[in-house]
Amino acid sequence: MTTLQVIWFCLIGLLLTGYVILDGFDLGIGCWYLRAKKSERKKLLNSIKPYWDGNEVWLLAGGGAVFAAFPHVYATIFSGLYLALMLVLFALIFRAVAIEFRGQSENPTWARAWDAAFFLGSALPALLLGVAAGNILFGMPLDSQMNFTGNFLTLLNPYSLLVGVCGLFMFLTHGALFLWLKTDGELADKAKNWADKSWMVYMLLFIVTALASFEIHHGLLDNYKAHPVLFSFPTLALVAIATIYRMIKEGSRLGAFLSSSAAIVFIFITLGAAIFPNMVPASNDPTLSLTIMNASSSELTLKVMLIIALLGVPLVLAYTTWVHLIFRGKAGEDMQY
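Attention in this report is confined to the structure presented alongside it.

Cut-offs used in this document
- Here the residue numbers are simple positions, counted from 1 along each chain's written sequence.
- Reporting of local features is limited, given that this is a predicted model, to residues whose pLDDT is at least 70; pairs of side-chain atoms are given and counted only at 80 or more, and all residues count toward the totals for whole chains, interfaces and linings.
- Each side-chain value is worked out from all heavy atoms of the structure, with water and hydrogens disregarded.
- Strands here are runs of E lasting at least two residues and helices are runs of H or I lasting at least four, both read from the DSSP assignment and numbered beginning at the N terminus.
- An expected span of 1.5 Å times one less than the residue number is assigned to each helix.
- Note that the bend at a residue is defined as the angle between axes fitted to the seven residues ending at it and the seven residues starting at it.
- Three labels apply to residues, based on accessible area from a 1.4 Å probe with only protein chains included: buried if under 20% of the type maximum, exposed if over 50%, partly exposed otherwise in between.
- Pairing of aromatic rings covers Phe, Tyr and the six-membered ring of Trp, with a centre-to-centre limit of 6.5 Å; geometry is then stacked below 30 degrees between planes, edge-to-face above 60, and tilted otherwise.
- The criterion for a charge sitting over a ring is simple: Lys NZ or Arg CZ within 6 Å of the ring centre, and within 35 degrees of the ring normal.
- Each patch is built from residues lacking any salt bridge and having more than 30% relative accessible area; the joining distance is 9 Å for like charges and 5 Å for nonpolar side chains (Val, Leu, Ile, Met, Phe, Trp, Tyr).
- Here, Shrake-Rupley sampling with a 1.4 Å probe gives the accessible areas, and only protein chains in the shown set may cover a residue.
- Just to be clear on terms, a salt bridge is a Lys or Arg side-chain nitrogen sitting within 4 Å of an Asp or Glu carboxyl oxygen.
- In this text, buried Ala, Val, Leu, Ile, Met, Phe, Trp, Tyr and Cys residues form a nonpolar core when linked through side-chain atoms within 4.5 Å.
- Contacts are assigned to residue pairs with any non-hydrogen atoms lying within 4.5 Å of each other.

**Looking at helix H1 (residues 3-32)**
Taking 1.5 Å per residue, 30 residues should reach 44 Å; H1 reaches 43 Å between its end C-alpha atoms and fits that length. By the largest-angle criterion, glycine 24 marks the main kink of H1, which is about 40°. The buried count for H1 comes to 23 of 30 residues, which makes it a mostly enclosed element.

Here it is as structure tokens:
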């Protein structure tokens, strides 16, 4: 194990965490979209229009980082999860088209079609990304050539579906909190109510999923037993989720959203600490697992790509910060972007 391999493991975790925090509120708002009145839906779209395309850069950067630093992991995941990931890809494409096309005509049929596309393009990724994470945690059947040996039904195991549903309610809560932050009046009250309700399910599912994770896959506790200080991260995740409720009751919109973001950060650290140094644990034989050692690129590739990443990631961070500062006000119904 080299320092570069560890750095890239952490860097990929950072990029994916950034994606879930930033595009997570886009997906969450899309999941609530059909619950809003027709007269309110334009405000929901306007609340994410300045951000959604920039937010998806984090997913592209994360995927590109996996391809560059751990090509065997990229090949195994994208072959094993091919159908699920293609569904996510097409859903994101339809969501993007829906955002741009929804307001191009007042025809009711046109509006209903793109409303449905926006909802499905948000709900499917919100669920399936969690299912994919569940399969990584649970482990995937692999052979000695690092190939996935299961089928699509293998991916739909109860544990992975539980993680997927937990992830869905994480997105629902995160999206509702962002909408509450960006709107006023009746819609803001509605968003607050959505967040209050989804938070309760999110909290319960997080606890159930954590208990199920350690019960089903005892190997996930190995790093925690070796380094008990790591237990602070799932504890902090639980505290951050609980703080969401407190912030909602206190009427602190920014506090609630930041608590939700902090919860996502600690959840990702918890997951990373559980599987490290594995990238794709093998469910059939732990010795076949893809690790940061046996699945990485050459040291030269890791070094060159790290230089590129050190130049590119700060630019993405700067752009993201700038956009949120420029559009930090409330989302209006007649705003044009």
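**A closer look at the packing of aromatic side chains**
Applying the stated rule across the entire model yields 18 aromatic pairs. By way of ring pairs, the aromatic residues Phe25, Tyr51, Phe178 and Phe257 are connected into one cluster. Taking the ring centre of tyrosine 33 as reference, the NZ or CZ of arginine 41 above it sits at 5.5 Å.

**Points about a nonpolar patch on the surface**
Together, Leu83, Leu87, Phe152, Leu153, Leu156 and Leu161 make up an exposed nonpolar region whose accessible area comes to about 520 Å². Counting residues per element, the ones that place at least two in the nonpolar patch are helix H6 (82-101) and helix H8 (152-155). As for its placement among the helices and strands, phenylalanine 152 is situated in helix H8.

**Concerning the pattern of salt bridges**
Following the criterion strictly, the structure yields nine salt bridges and no others. Sharing partners across several salt bridges, the network here consists of Asp23, Glu56 and Arg95.

**With respect to the nonpolar core**
Ranked by size, the top nonpolar core spans 101 residues in total, and within it Trp8, Phe70, Val73, Leu177, Ile241, Met279 and Val280 carry the most contacts. At 15 residues, H1 tops the list of elements feeding residues into this core. Look past the residues within four positions of phenylalanine 70 in its chain and what remains in contact with it is Gln5, Trp8, Phe9, Ile12, Ala65, Met279, Ile292, Ala295, Ser296 and Ser297.

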